[in-house]
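Here's the letter readout for the chains.
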Amino acid sequence: MYDMQSERLRLRPWAVEDAAFHRRLWEERDPRVPARRRISADGHPTLADMQQWLRTYRPEPAPGLCVVELRESGIPVGYCGLVANSVGTPEEPELAFEFLRAFWGRGYATESSRLIVDRAASLGYDRLASTVRAWNAASFHVLDKLGFVDTGERERDGVHGDSVLMRLALR
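Residues numbered from 1 in each chain as written. Predicted model: local features only at pLDDT ≥ 70, side-chain atom pairs only at ≥ 80, totals over all residues. Heavy atoms only, no water.

Quick look at the overall build of the chain
Part 1 of the argument: Assigned secondary structure in the chain consists of four helices and eight strands.
Part 2 of the argument: Moving toward the C terminus, one meets the helices and strands of the chain in the order β-β-α-α-β-β-β-α-β-α-β-β.
Part 3 of the argument: Here the chain holds 171 residues, and the buried ones make up 46% of them.
Part 4 of the argument: For the chain, restricting intrachain contacts to residue pairs at least 6 apart in sequence, the fraction spanning at least 24 positions comes to 60%.
Part 5 of the argument: Accessible surface, the chain: about 9,100 Å² in total, of which carbon and sulfur atoms supply 50%. (Helix = DSSP H or I, 4+ residues; strand = E, 2+ residues; numbered from the N terminus. Buried < 20%, exposed > 50% of the residue type's maximum accessible area, 1.4 Å probe, protein only. Contact = heavy atoms within 4.5 Å. Areas by Shrake-Rupley, 256 points an atom, 1.4 Å probe, with all protein chains shown as cover.)

Some details on the packing of helix H1 (residues 19-27) against helix H2 (residues 47-56)
Part 1 of the argument: Remark: H1 packs on H2, axes separated minimally by 9 Å, with the N-to-C direction vectors making an angle of 115°. Here H2 runs roughly perpendicular to H1, going by the angle between their axes. For the crossing formed where H1 meets H2, the hand is right-handed. Together, Ala19, Ala20, His22, Arg23 and Trp26 of H1 and Leu47, Met50, Gln51, Trp53 and Leu54 of H2 make up the contact between the two elements.
Part 2 of the argument: Residue classes in the contact of H1 with H2 are distributed as seven nonpolar, two polar and one charged. (Axes fitted to C-alpha atoms, helices over the stretch in contact; angles between N-to-C directions. Parallel < 35°, antiparallel > 145°, perpendicular 65-115°, else oblique. Left-handed = near helix turned anticlockwise from the far one by under 90°. Nonpolar A, V, L, I, M, F, W, Y, C, P; charged D, E, K, R; others polar.)

A look at helix H4 (residues 137-146)
Side chains three or four residues apart in an α-helix point the same way, a direct result of the helix having 3.6 residues per turn.
Part 1 of the argument: All of the buried residues along H4 are Ser139, Val142, Leu143 and Leu146. Looking straight down H4, one finds its buried side chains confined to an arc of 95°; they lie on one side. Turned more than 90 degrees away from the buried face of H4, the exposed residues are Ala137 and Asp144.
Part 2 of the argument: Contact partners of the buried residues in H4: strand S5 (94-99), helix H3 (108-122), strand S6 (127-133) and strand S8 (163-169). (Arc of directions from axis to C-beta.)

Below, the structure is given as structure tokens:
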């Protein structure tokens, strides 16, 4: 399939065995994240739900979402990759990333995102998008380092915080 590496990180495809790790990411999400993207009061999605998602996951748009692991140990620390654009056109996929809190502030989001941006350029994408909640300063910092710019477009949300559309020209 694919294997992207940097000095400290390796990006690889998801495996069903990653379900517990994936669920931990959901458990750690900020309470301002919409409820449909957090573990519910009745415990959904369950580990079995996560396993089913991983069995059927297709990495589209390419390269899709990848598990980010430490090269030295193989410990999964987050995910990074491309998802279908929720606010624009299919030929402009969205960069998405999320990391376990224990690994925040170490540059892993920027390092793995650079690998994805480079892969996206090599696959022929002209632009990438990223939507970020207005309160998520850390993600804005990562996107700024990568060269993403604020488009001025906002999706208003008084409950969870506005989503800001960022864009990066690859060509």
